[in-house]
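Observations on the model geometry
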Amino acid sequence: MTAMQLGEQRDEVEMLSLMLLIRRFEERASQQYQAQKIGGFCHLYIGQEAVVAGAVAAVRDDDYIITAYRDHAHALARGTSANACMAELFGKETGCSRGLGGSMHFFNRQNHMYGGHAIVAAHVPLAVGLAFAIKYRDEDRVTLCFFGDGAINQGSFHEALNLAALYKLPIVFICENNLFAMGTSVKRSTSLKQIVDRAEGYDIPGEIVDGMNFREVRDKIAEIVSSIRKESHPAFVEVRTYRYRGHSMSDPASYRTKQELEKYRLDDPITRLRAQLTREGKLTHEQFDLLDKRAKETVLASVKFAEESPQPPLDKLYDYTYANGANS
Amino acid sequence: MREITYRQALNEALAEELERDPNVFLMGEEVAEYNGAYKVSQGLLERFGPRRIIDTPISENGFAGLGVGAAMVGLRPIIEFMTFSFSLVAFDQVVNNAPNMFTMSGGQFNIPITFRGPNGPAHQLGATHSHATENLYASVPGLKVCTPATPRDAKGLLKTAVRDNNPVLVLEAELLYSSKGTVEPPDEELLIPLGKAEVKREGSDVSIICYAQTVPLALKVAAQLEEEDISAEIVDLRSIKPLDEKAIFDSVAKTHRVVIVEQDHPFCGVGAEVCYRIQKSVFDELDAPIIRVSQEDVPMPYNERLEKAVLPNADKLIAAVKKVCYA
């Protein structure tokens, strides 16, 4: 199966709709955070939507995905409802982690979304474990492991890449390079000229992809995944993207210029896919407006749902520390 | 019953669990081709093959995390640390990922993983290789910690750990690998529950609460005390977490005097927790203040004489017993 055929399995309008949902969700989360309805840390994905949308469009629903703490989008992309996501931010029992995880710890077992992990690069070995399990059981699956540019200087990242290469595991390491690890630019944190060269050190094939272009992300990852399905191996993709907001809600992002932000905004991934589809006659202005309206309504409804949802009961405080019994 | 070594007992436990459940695998440094740094995994590669007995590079954080990830999708990894001193390199995986996952995911992902390997001071290995980690790990919600002292307990606790649906640390006693003891025959299933202490010797004058490498010490001291007409009851905790309060309190109610001999450091050590629980729940049973015997509160020196001075020993334990007995 070629990359294009794989990509075409997902309707592009549907994926644009997902990107809109992510953006509107994050905008609303930002507003609710400012209204103090959401506690703790909250990292928004605005600007990076094409990365996760392109990646999930390139794989099957039962392939494994796992990411770091900027995870709302990954949960949404894996079919977690906006209701469950917003309720999680509100710390409610109806949240995707029952209100026990919070913004940085979204999980969806049923849809193979394995977190939501908040210690930088600590989930990269977990991802390798997911891929190990695939190979151990001789399954036809791959693992997509997302992380930021800040993760690539952490020891666990390096140990994990070496293990994945050594055991030839079916995993795509997807570095969402948004140029800043919190406030430290890649130039100030990384000795390499380009992040993808990290992969070479472990004899893992690497690619650079334009993360503002949904189709490029999808097609490149589909091509890689197709190769992995033929013969298990790890791969690395440096996806160049940009977050419009600060690292977290408390970050005014004063370490970068307005001009830089504007430059990326002009290359907006949603605008770009919309233009591509419009040009090809696959989407009218009216249809786009309707998609956007639906996204906004879904998200607005999720706020209402979250507000009205119950708190996790106090008498269940000890119910989620140890799993019961022995099941084998 | 037959006599086997602590090492053989662990080896049998591993082999039996690998045989029983195809989801179980053993991973760690030198576990396969080298047959284990302490030969605990002797012969397992030959029997179960490289798919299930897996050598790793020296990457404790990496392979501990790999185990946690594999456990998320239902495998039951046994991760060997060459010593628990090296588990500190993987502290983030053992403390942050393994025990938190069940809570953070709202109960979606439990982590059925066993971390095992030698723990506690051995002989002149110096400060970096002598860590007793039981109090560090026992303070983490979501982890279970056991500390077998005999071949029978080693086999029964390890098998139970592998079957548990949570992360369990089996802290083996480095100095006891070659010690012998009676164990049920291999065709008899031996499972020892976590959270159950065992009275290793009945007594009436004083309770000596111990675990791991301090159990043989306490038994030796009890024999010496017998000659001085002091009858010591030896309570082997076996599990640090969950802790068997009932067994402790029952013994205290019987003897009314307590010495805790532990292999970790005094500050926030296991004995501090045990001591707190005794005074809180059975204060009226006590006829004397509780005394703890632990390591001295210093990093372990290499020098042999100094090392002996740091560790709990018979003289320190006897002195403590006599003090609580006002003897």
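Residues numbered from 1 in each chain as written. Chains lettered and ligands numbered in written order. Predicted model: local features only at pLDDT ≥ 70, side-chain atom pairs only at ≥ 80, totals over all residues.

**Remarks on the interface of chain A and chain B**
Note the following rule: Note on contacts: residues are paired as contacts if their backbone-placed C-beta atoms lie within 7 Å. In this text, helices come from DSSP runs of H or I with a minimum length of four residues, and strands from runs of E with a minimum of two, each type numbered from the N-terminal end. The nonpolar class holds Ala, Val, Leu, Ile, Met, Phe, Trp, Tyr, Cys and Pro. Asp, Glu, Lys and Arg form the charged class, and all remaining residues, Gly among them, are polar.
With 35 residues of chain A at the contact, the number on the chain B side is 37 residues. Secondary structure elements with two or more residues in the side of chain A that touches chain B: strand 2 (113–116), helix 6 (123–136) and helix 7 (155–166) of chain A. At nine residues, the largest contribution of residues to the side of chain A that touches chain B is made by helix 6 of chain A. Here the residues of the side of chain A that touches chain B are counted per class, giving 20 nonpolar, twelve polar and three charged.

**Observations concerning helix 12 (residues 314–324) of chain B**
Residues and elements named next belong to chain B. Filter applied, for reference: Partly exposed residues are those whose C-beta has more than 12 but fewer than 20 other C-beta atoms within 10 Å; with 20 or more the residue is buried, with 12 or fewer it is exposed, and the C-beta atoms are placed from the backbone. Directions pointing from the helix axis toward each C-beta atom define the arc.
Within helix 12, the full set of buried residues consists of Leu317, Ala320, Val321 and Val324. Burial along helix 12 is one-sided: seen end-on, the buried residues are contained in an arc of 100 degrees. Turned more than 90 degrees away from the buried face of helix 12, the exposed residues are Asp315 and Ala319. For helix 12, the secondary structure elements touched by its buried residues are strand 10 (206–210), helix 8 (214–227), strand 11 (232–236), strand 13 (258–261) and strand 14 (291–293). Positive phi shows up at Tyr326, right after helix 12, with a value of about 50 degrees.

**With respect to the domain arrangement of chain B**
The figure often quoted for interface size is the accessible area lost as the parts come together. Residues and elements named next belong to chain B. Keep this limit in mind: Domain boundaries shown here were taken from an automatic or database domain assignment.
Partitioning chain B into structural domains gives domain 1 (2–183) and domain 2 (198–324). Contacts between the two partners involve 23 residues from domain 1 and, on the opposite side, 23 residues from domain 2. Put simply, the parts of the chain that give the side of domain 1 that touches domain 2 at least two residues each are helix 6 (134–138), strand 6 (144–146), helix 7 (151–163) and strand 7 (168–173). Here the residues of the side of domain 1 that touches domain 2 are counted per class, giving 14 nonpolar, six polar and three charged.

**Focus: the sheet that holds strand 2 (residues 24–28) of chain B**
Residues and elements named next belong to chain B. How we decide: Being paired, for any two strands, means DSSP has found at least two bridges between them. Inter-axis angles, ranging from 0 to 180 degrees, are taken between N-to-C directions of lines fitted to C-alpha atoms, where helices are fitted over the stretch in contact.
On the basis of which strands lie adjacent, the open sheet formed by seven strands has the order 3-2-4-5-7-6-12 and mixed pairing. With one partner strand each, in any of the chains shown, strand 3 (53–55) and strand 12 (239–241) form the two edges of the open sheet. Ignoring strand direction, the axes of neighbouring strands in this sheet form an average angle of 20 degrees. Direction of pairing for strand 5 (residues 114–119) relative to strand 7: parallel, over a ladder of six bridges. Across the sheet, the residue bridging to Pro118 is Glu172, located in strand 7. Each of strand 2, strand 4 (76–80) and strand 7 is contacted by helix 1 (residues 6–20), which is oriented at about 135 degrees to strand 2, the strand it contacts most. Relative to strand 7, helix 7 is tilted by about 160 degrees, and along the sheet it contacts strand 2, strand 4, strand 5, strand 6 and strand 7.

**A short note on the environment of Lys241(B)**
Residue and element names in this part refer to chain B. With respect to the element layout, Lys241 can be found in strand 12. A C-alpha to C-alpha distance of 9.9 Å links Lys241 and Val270, two positions 29 residues apart in sequence. Lys241 has contacts with Ala138, Leu143, Lys144 and Val145, leaving out every residue within four places of it along the chain.

**With respect to the nonpolar core**
One broad rule of soluble globular proteins: the nonpolar side chains tend to lie buried together. Spelled out, the test is: Joined through C-beta atoms within 7 Å, a set of buried Ala, Val, Leu, Ile, Met, Phe, Trp, Tyr and Cys residues constitutes a nonpolar core.
In terms of nonpolar packing, the biggest core is built from 206 residues, with Val128(A), Leu130(A), Cys145(A), Val172(A), Ile208(B), Val259(B) and Val321(B) touching the most fellow members. Looking at which domains feed residues into this core, each of domain 1 (2–183) and domain 2 (198–324) of chain B supplies at least three. Setting aside chain neighbours within four positions, we find Val128(A) in contact with Ala160(A), Leu163(A), Ala164(A), Leu169(A), Ile171(A), Leu66(B) and Gly69(B).

**A look at the environment of Asp287(B)**
All names here are of chain B. Topologically, Asp287 is positioned in the loop between helix 10 (270–282) and strand 14. In the structure, Asp287 is positioned 276 residues away from Asn11 in sequence and 44 Å away in space, judged by C-alpha atoms. The residues contacting Asp287, other than those within four sequence positions of it, are His256 and Arg257.

**A closer look at unusual backbone geometry**
Geometrically, the link from Gly115(A) to Gly116(A) is a cis peptide bond, its omega value of 20 degrees lying close to zero. With respect to the helices and strands, the residue Gly116(A) is situated in strand 2. In the segment running from Lys241(B) into Pro242(B), the intervening peptide bond is cis, with an omega of 0 degrees. With respect to the element layout, Pro242(B) can be found in the loop between strand 12 and helix 9 (245–255). Of note, Asp138(A) is a non-glycine position whose phi angle comes to about 55 degrees, a positive value. For Asp138(A), the location among the structural elements is in the loop between helix 6 and strand 3 (143–148). Of note, Tyr326(B) is a non-glycine position whose phi angle comes to about 50 degrees, a positive value. With respect to the secondary-structure elements, Tyr326(B) resides in the segment after helix 12.

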